[in-house]
Amino acid sequence: MLEVRNLSMRFGGLLAVDQVSLDVNEHEIVSIIGPNGAGKTTVFNCISGFYSPTGGTIRFQGEEVQGKPDYKISRLGMVRTFQHVRLFNKMTVVENLLVAQHRHLNTNLFSGLLKTPNYRQREQKALDRAAYWLDRVGLLELANREAGNLAYGQQRRLEIARCMVTEPTMLMLDEPAAGLNPAETRDLNHLIVGLKEDYNVSVLLIEHDMSLVMEISDRINVINQGRPLASGTPEEVRQNDDVIKAYLGEA
Ligand SMILES: Nc1ncnc2c1ncn2[C@@H]1O[C@H](COP(=O)(O)OP(=O)(O)OP(=O)(O)O)[C@@H](O)[C@H]1O
């Protein structure tokens, strides 16, 4: 469903991403790993429309999307989280999920002002979806808390719920386990696998926590200094000499 070919991104004199190709098929969890500064987040930013890549093509469900703005890409069904949590801290937990749906649906201003029956119906559906996802990620009891007051692990789950209320077909997670304790990381593992199994979303994941990556990934792409280093199943990548060298070099 996602097909990235020869993706490149140059920032002035720095070639941060150099000819990276990767695929995500339906019903797959695919990870991107690599040492710090390898270019993982830049790849994400190009795919999700935050950057316009300087080279290569990105096809999502057959359509070329490179250079399209992020809101258009998310409406095609590809949504992401960020390395650093980006919630509306002063809004409540449930409001965060309602705003996400409004932005996604491009709600017509006039139908909103006039509160047409159709608008009310959509509002109710948005609320139902928000409640459903809060329950699914274990935050329903905290629906009316300010998002900024949640514990860090809860904020991470809320971010995932915020993606899921828009009913994506592909979820992109940028270091979702960063800052989580081992128990929270285990819960996250179950949550991500559950999203794939129960809602048929494909997942593209950047993650430094190797045990999580190895456990849940169907395939892994390794990049190093912007360039593709290896790809394959967790077992293949684990045994790849270049990968071992790159990681030992970093340590
Ligand atoms: N907007 C930007 N302008 C200039 N350089 C950038 C920009 N974004 C990233 N870079 C550079 O591109 C390179 C790759 O960065 P990137 O954040 O993609 O790496 P990463 O693999 O995600 O790293 P980490 O694991 O530390 O998050 C780095 O050298 C970084 O400094």
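That block above? That's the structure.
Source: prediction; values computed, not measured.

Analysis parameters
Residues numbered from 1 in each chain as written. Predicted model: local features only at pLDDT ≥ 70, side-chain atom pairs only at ≥ 80, totals over all residues. Heavy atoms only, no water. Core = buried A, V, L, I, M, F, W, Y, C linked by side-chain atoms within 4.5 Å. Buried < 20%, exposed > 50% of the residue type's maximum accessible area, 1.4 Å probe, protein only. Domains from an automatic or database assignment. Contact = heavy atoms within 4.5 Å. Pairing = 2+ DSSP bridges. Helix = DSSP H or I, 4+ residues; strand = E, 2+ residues; numbered from the N terminus. Axes fitted to C-alpha atoms, helices over the stretch in contact; angles between N-to-C directions. Phe/Tyr/Trp six-rings, centres within 6.5 Å; stacked < 30°, edge-to-face > 60°. Near = heavy atom within 4 Å. Polar contact = N/O pair within 3.5 Å; in protein donor to acceptor, adjacent residues only side chain to side chain. Areas by Shrake-Rupley, 256 points an atom, 1.4 Å probe, with all protein chains shown as cover. Nonpolar A, V, L, I, M, F, W, Y, C, P; charged D, E, K, R; others polar.

Asker: I tried to follow the nonpolar core on my own but got confused; where do I start?
Answerer: In globular proteins that are soluble, nonpolar side chains generally tend to be buried together. In terms of nonpolar packing, the biggest core is built from 35 residues, with L134, L158, I160, L171, I192 and L195 touching the most fellow members. In this structure, this core is formed jointly by two domains, domain 1 (1–77 + 168–251) and domain 2 (87–167), each of which donates at least three residues. Apart from residues lying up to four places away in sequence, L134 is in contact with V93, V94, L97, L139, L140, A143 and L158. Of all hydrophobic cores here, the second largest spans 26 residues; its members include L7, L22, F44 and I73.

Asker: So what exactly am I meant to see when it comes to the sheet that holds strand β5 (residues 63–64) here?
Answerer: Within a sheet, adjacent strands bond to each other through the backbone by hydrogen bonds, running parallel or antiparallel. Strand order in the open sheet formed by 4 strands is β2-β1-β4-β5, and the pairing between neighbours is antiparallel. Two strands bound the open sheet, and with one partner strand each, they are β2 (14–24) and β5. Sheet analysis places strand β1 (residues 2–11) next to β2, joined by 7 bridges and oriented antiparallel. For L2, the partnering residue across the bridge sits in β2 and is V24.

Asker: How do you make sense of the sheet that holds strand β10 (residues 227–232) when you look at a structure like this?
Answerer: Ordered by their spatial adjacency, 6 strands build an open sheet running β6-β7-β8-β3-β9-β10, and the pairing between neighbours is mixed. Each of the sheet's edge strands pairs with one partner strand only, and the pair in question is β6 (78–80) and β10. Going from strand to strand, the sheet's axes swing by 15° on average, the running direction of each strand aside. When strand β3 (residues 29–33) meets strand β8 (residues 202–206), the two strands line up parallel, connected through 4 bridges. Across the sheet, S31 pairs through a bridge with L205, a residue of β8. Strands β6 and β7 (170–174) of the sheet are contacted by helix α6 (residues 152–164), whose axis makes an angle of about 155° with β7.

Asker: How do you make sense of helix α1 (residues 40–47) when you look at a structure like this?
Answerer: Count 3.6 residues to each turn of an α-helix, and residues three or four apart come out pointing the same way. For α1, a buried count of 7 out of 8 residues is recorded, marking the element as mostly surrounded by other parts of the structure. Once α1 ends, the next one or two residues include G49, with phi positive near 90°.

Asker: Explanation requested: the packing of aromatic side chains in the structure shown.
Answerer: Enumeration over the complete set of coordinates arrives at 5 aromatic pairs. Ring plane angle 90° and centroid distance 5.3 Å describe the contact between F50 and F82, whose orientation is recorded as edge-to-face. Residue F50 is located in the loop between α1 and β4 (55–60), and its partner F82 is located in the loop between β6 and α3 (93–105); the two are separated by 32 residues in the primary sequence. Its relative accessible area of 35% is what places F50 among the partly exposed residues. For the pair W133 and Y199, a centre-to-centre distance of 4.7 Å together with 50° between the ring planes defines the contact as tilted. Here the residue W133 occupies a position in helix α5 (residues 117–136), and Y199 occupies one in helix α7 (residues 182–199), the gap between them amounting to 66 residues.

Asker: So what exactly am I meant to see when it comes to the environment of E146 here?
Answerer: Mapped onto the elements, E146 comes out in the loop between α5 and α6. For the pair formed by E146 and E215, sequence separation is 69 residues and the distance between their alpha carbons is 33 Å. In this structure E146 touches N89, K90, M91 and T92, once residues within four positions along its chain are discounted.

Asker: What is the right way to look at the site of the ligand in this model?
Answerer: Around the ligand there are 15 residues in total, and G37, G39, K40, T41 and T42 lie nearest to it. One of the side-chain N or O atoms of N36 is found 3.3 Å from an oxygen atom in the ligand. Contacts to the ligand include G37, whose backbone N or O atom sits 2.9 Å from an oxygen atom. For the ligand, the accessible surface in isolation is 640 Å², of which the surrounding protein chains cover 63%. Those elements giving two or more residues to the shell around the ligand turn out to be β2 and α1. The leading source of residues in the shell around the ligand is α1, at 3 residues. Its residues assigned to classes, the shell around the ligand comprises 6 nonpolar, 7 polar and 2 charged.

This is a description of form; function is not addressed.
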